[in-house]
Amino acid sequence: MTEQMKVDLVLDLKGLLCPLPIVKLSQAIKDLPVGAIIEGIATDPGVMADVPAWAKASGQELISIEQRDKEYRFLIKKVK
Amino acid sequence: MADNGNVRKVYEILEKQLNQPLKTALEVCARCGICAEACHYYVSEPKVEHVPAYRAEQVRKIYRKKYNFFGKYIPSLVNAEELDEQKFNELVEMAFSECTLCRRCTFNCPLGVDTPLVMRVVRAMATASGKAPEILVMLADSAIAKGENPEIFKEMFIQQVSELEKELKELTGNPNAKIPVEKEGARVLYVGLAGAHTIIPPAIIFNEVGEDWTLSIYEAANYGVFLGDVERAKKIAKRIIDEAKRLKVQEVIVAECGHACNALVWEAPNWFAEKFPFRVRSIVELVAEYIQSGKLKVNPEANSEPVTYHDSCNLARAGGILKEPRLILQAVVKDFREMTPNGLENYCCGGGGGLVALPEYYEKRMRAGKPKAEQIRKTKAKIVAAACENCKLQLNDLNNYYNLGVEVKGLVDLVANAILYNRQKISANENQQANVST
Ligand code: SF4
Ligand code: SF4
């Protein structure tokens, strides 16, 4: 999925523990235009629950979230 | 204030929260200044704005304007002030970035003036008028979204836990080790935080003692508390309370997290005006009980480096959890050194009150953490143990900022390490015996 989509910003969240991955994500999304796509790469499995909940609460679109080996990758589209 | 709606909201919150403890905090202060040295902000940077009594006085001024007879008609007589936009912004900045709600000032005040309660009310005012830090609001709302829509993450969470279970089996060498999720009828419901590091060490401990336990799908953190927003805080806590009732557990055990314990153990029964059909405790208390009762046998040789302990303000000053961490440390650490002062008098690390989640205040919290960094350095310890996630994040940042050369660990990390150490020793002995007999 990541390969087919133009990613506007890659967020390296590796090594960060809760709640810092979603803190960084919500900071980063502020500076992007509507329609922009962020790819996040984290190592804390907590993001698998936190990122979908963050997307729901903030009204942004979670395109995908998946585990690849020891990393967790997600794609978020800024919709507002 | 330019926006009258906001002024109204600010006074509405004040009116709503004006119970006896708050009235006392807003009316009593001998101006003795003893609280100054109690506050880590002042110790680090001795200026008047960092004196707790000064902070509370800024709120008292607007309180007098509305609630004091002279304040209303001759404000200059009692130092009363009208609230305006700029003053409110300053109050908000102060309440969120220059007070970690650590309560050290209250403990040291001869009159017990509750300045953090006053700061909490300013936080509540800020939240009601849309001026609270967005990040804290976002974190609280994400937690509420999880409670309202568990289907958005539950399946993934369970899948993650099964991966962690594999890791647990490998680590312990125990093929029967388990991390049950939402098991009905378990004795203990353990509520972790987002992240494996708060699940694996407790899982090692629970499996070692044969506890009948299960893992909550929610995290214990409660950012509603930092916002001074009881409605949000209640919604976040209710997810866990409902889960515990549904699973019919006997105990809810909260991860190493000071404010989460404060919320669930000490505040929630008041919020819901209810006696829950289960007990709620910190994992620190349960692990201390395992050790004291002999259920958990550990060896201090496992952690041979010098260790000091940082008392989380919430656990120590709000919860009185002072003996338990020390009992654990004496059991699992070879060289435990107290920092000075400690216990009830311990300095805040500077990361409390939600500050660690607010990147814009990084420099401020590093400066405010200087007394803590000095305390740590003086112990010459190699490991700093703490039983609070916020404290650990802050201590890690202080470690880098002040080059302390320490490692920050949870109490449960040290206990889990001691269990694994025992297991390794047992299997080494068994191998040796097997070699001798062949
Ligand atoms: S120690 Fe208490 S009474 Fe003295 S100035 Fe501080 S808050 Fe006021
Ligand atoms: S609660 Fe802590 S940070 Fe806040 S004024 Fe008192 S001593 Fe300072």
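These numbers come from a predicted model, not from an experiment.

Parameters at a glance
Residues numbered from 1 in each chain as written. Chains lettered and ligands numbered in written order. Predicted model: local features only at pLDDT ≥ 70, side-chain atom pairs only at ≥ 80, totals over all residues. Heavy atoms only, no water. Helix = DSSP H or I, 4+ residues; strand = E, 2+ residues; numbered from the N terminus. Rg over C-alpha atoms; globule rule 2.2 N^0.38 Å. Buried < 20%, exposed > 50% of the residue type's maximum accessible area, 1.4 Å probe, protein only. Contact = heavy atoms within 4.5 Å. Polar contact = N/O pair within 3.5 Å; in protein donor to acceptor, adjacent residues only side chain to side chain. Domains from an automatic or database assignment. Buried area = accessible area lost by both parts, 1.4 Å probe. Salt bridge = Lys/Arg side-chain N within 4 Å of Asp/Glu carboxyl O. Nonpolar A, V, L, I, M, F, W, Y, C, P; charged D, E, K, R; others polar. Near = heavy atom within 4 Å. Pairing = 2+ DSSP bridges. Axes fitted to C-alpha atoms, helices over the stretch in contact; angles between N-to-C directions. Phe/Tyr/Trp six-rings, centres within 6.5 Å; stacked < 30°, edge-to-face > 60°. Lys NZ or Arg CZ within 6 Å of the ring centre and 35° of its normal.

### Quick word on the overall build of chain A
Looking only at helices and strands, chain A features 2 helices and 4 strands. The helix and strand sequence of chain A, counted from the amino end, reads β-α-β-α-β-β. What you see for chain A is a C-alpha radius of gyration of 11 Å, in line with the 12 Å of a compact globule of 80 residues. Expressed along its principal axes, the backbone C-alpha trace of chain A runs to roughly 30 × 25 × 20 Å. The 80 residues of chain A split such that 54% are buried. For chain A, the share of sequence-separated contacts (at least 6 apart) that also reach a separation of at least 24 residues comes to 65%.

### Re the environment of B:Asn207
All names here are of chain B. Secondary-structure assignment places Asn207 in helix α11 (residues 200-209). Residue classification places Asn207 among the partly exposed positions, given a relative accessible area of 21%. Asn207 sits 28 residues away from Ile179 along the chain, and the two C-alpha atoms are 8.6 Å apart. Each residue touching Asn207, except ones within four places of it in the same chain, is listed here: Leu168, Asn176, Ala177, Lys178 and Trp213. Within polar-contact distance, the side chain of Asn207 engages the backbone oxygen of Lys178 at 2.9 Å.

### Quick notes on the domain arrangement of chain B
All names here are of chain B. You can read the domains of chain B as domain 1 (4-131), domain 2 (136-293) and domain 3 (300-420). For domain 2 versus domain 3, the separation of C-alpha centres amounts to 22 Å. At the junction of the two partners, domain 2 supplies 29 residues and domain 3 supplies 29 residues. Buried surface at the junction of domain 2 and domain 3, both sides included, amounts to about 2300 Å², of which 75% is carbon and sulfur. A per-residue breakdown of the area domain 2 buries against domain 3 is headed by Glu256, Trp266 and Val284, which together make up 26% of the total. Linking domain 2 to domain 3 there are 1 salt bridge. A salt bridge links Glu256 to Lys392, with the shortest nitrogen-to-oxygen separation between them at 3.0 Å. There are 7 residue pairs in polar contact (both at pLDDT 80 or more) connecting domain 2 and domain 3. If you list the elements that add at least two residues to the side of domain 2 that touches domain 3, you get α9 (134-148), α10 (154-172), α11, α12 (223-226), α14 (258-271) and α15 (283-292).

### Observations concerning the interface of chain B and chain A
Taken together, the 26 residues of chain B in the interface contact 24 residues of chain A. Contact between chain B and chain A buries roughly 2100 Å² in total, counting both sides, with carbon and sulfur atoms accounting for 70%. Joining chain B to chain A, the criterion identifies 3 salt bridges. At the boundary of chain B and chain A, one finds 4 residue pairs in polar contact (both at pLDDT 80 or more). Its residues placed into classes, the side of chain B that touches chain A shows 14 nonpolar, 6 polar and 6 charged.

### Points about the site of ligand 2
Taken together, B:Cys39, B:His40, B:Tyr41, B:Pro52, B:Arg55, B:Cys99, B:Thr100, B:Leu101, B:Cys102, B:Arg103, B:Cys105 and B:Pro116 are the residues near ligand 2. Across the shell around ligand 2, the residue classes tally to 8 nonpolar, 2 polar and 2 charged.

### Remarks on the sheet that holds strand β2 (residues 213-215) of chain B
Residue and element names in this part refer to chain B. One open sheet accounts for 4 strands, arranged β2-β1-β3-β4; its pairing is parallel. Every other strand in the sheet has two partners, leaving β2 and β4 (279-282) as the edge strands with one partner each. Here the strands of the sheet are splayed against their neighbours by 25° on average, with no regard to which way each runs. Inspection of the sheet shows strand β1 (residues 188-191) paired to strand β3 (residues 251-254) by 4 bridges, in the parallel sense. The residue of β3 that forms the bridge with Val191 is Val254. Taken strand by strand, helix α13 (residues 230-247) contacts β1, β2 and β3, and its axis lies near 155° from that of β1.

### Thoughts on the site of ligand 1
In the neighbourhood of ligand 1, the contacting residues comprise B:Cys29, B:Ala30, B:Arg31, B:Cys32, B:Gly33, B:Ile34, B:Cys35, B:Ala53, B:Cys109, B:Pro110, B:Leu111 and B:Val113. Of the residues belonging to the shell around ligand 1, the class tally is 10 nonpolar, 1 polar and 1 charged.

### Notes on the environment of B:Phe70
All names here are of chain B. Looking at where Phe70 falls in the secondary structure, it is placed in helix α5 (residues 69-73). Spatially, the C-alpha atom of Phe70 lies 8.4 Å from that of Ala80, the residues being 10 residues apart in sequence. What Phe70 contacts, discounting residues up to four positions off in sequence, is Pro75, Leu77 and Val78.

### Quick word on the packing of aromatic side chains
Residue and element names in this part refer to chain B. A complete count under the given rule lists 12 aromatic pairs over all chains for this structure. Here the aromatic rings of Phe69 and Phe70 are separated by 5.5 Å at their centres, their planes lie at 80°, and the arrangement is edge-to-face. Judged by relative accessible area, Phe69 falls into the exposed class, the value being 58%. Considering the side-chain rings of Phe153 and Phe157, the 6.5 Å spacing of their centres and the 80° angle between planes classify their relative orientation as edge-to-face. The two residues Phe153 and Phe157 agree in class, both being buried. Taken together, the ring pairs connect Phe69, Phe70 and Tyr73 into an aromatic cluster. Of note, Lys146 hangs over the ring of Phe153, and the distance from its end group to the ring centre comes to 5.6 Å.

### Overview of the pattern of salt bridges
Residues and elements named next belong to chain B. A complete count under the given rule lists 43 salt bridges over all chains for this structure. A salt bridge links Arg103 to Asp114, with the shortest nitrogen-to-oxygen separation between them at 4.0 Å. Pair noted here: Arg103 is in the loop between α6 (85-97) and α7 (104-108) and Asp114 is in the loop between α7 and α8 (115-128), with a separation of 11 residues, a long-range link. Residue Arg103 is classed as partly exposed on the basis of its relative accessible area of 25%.

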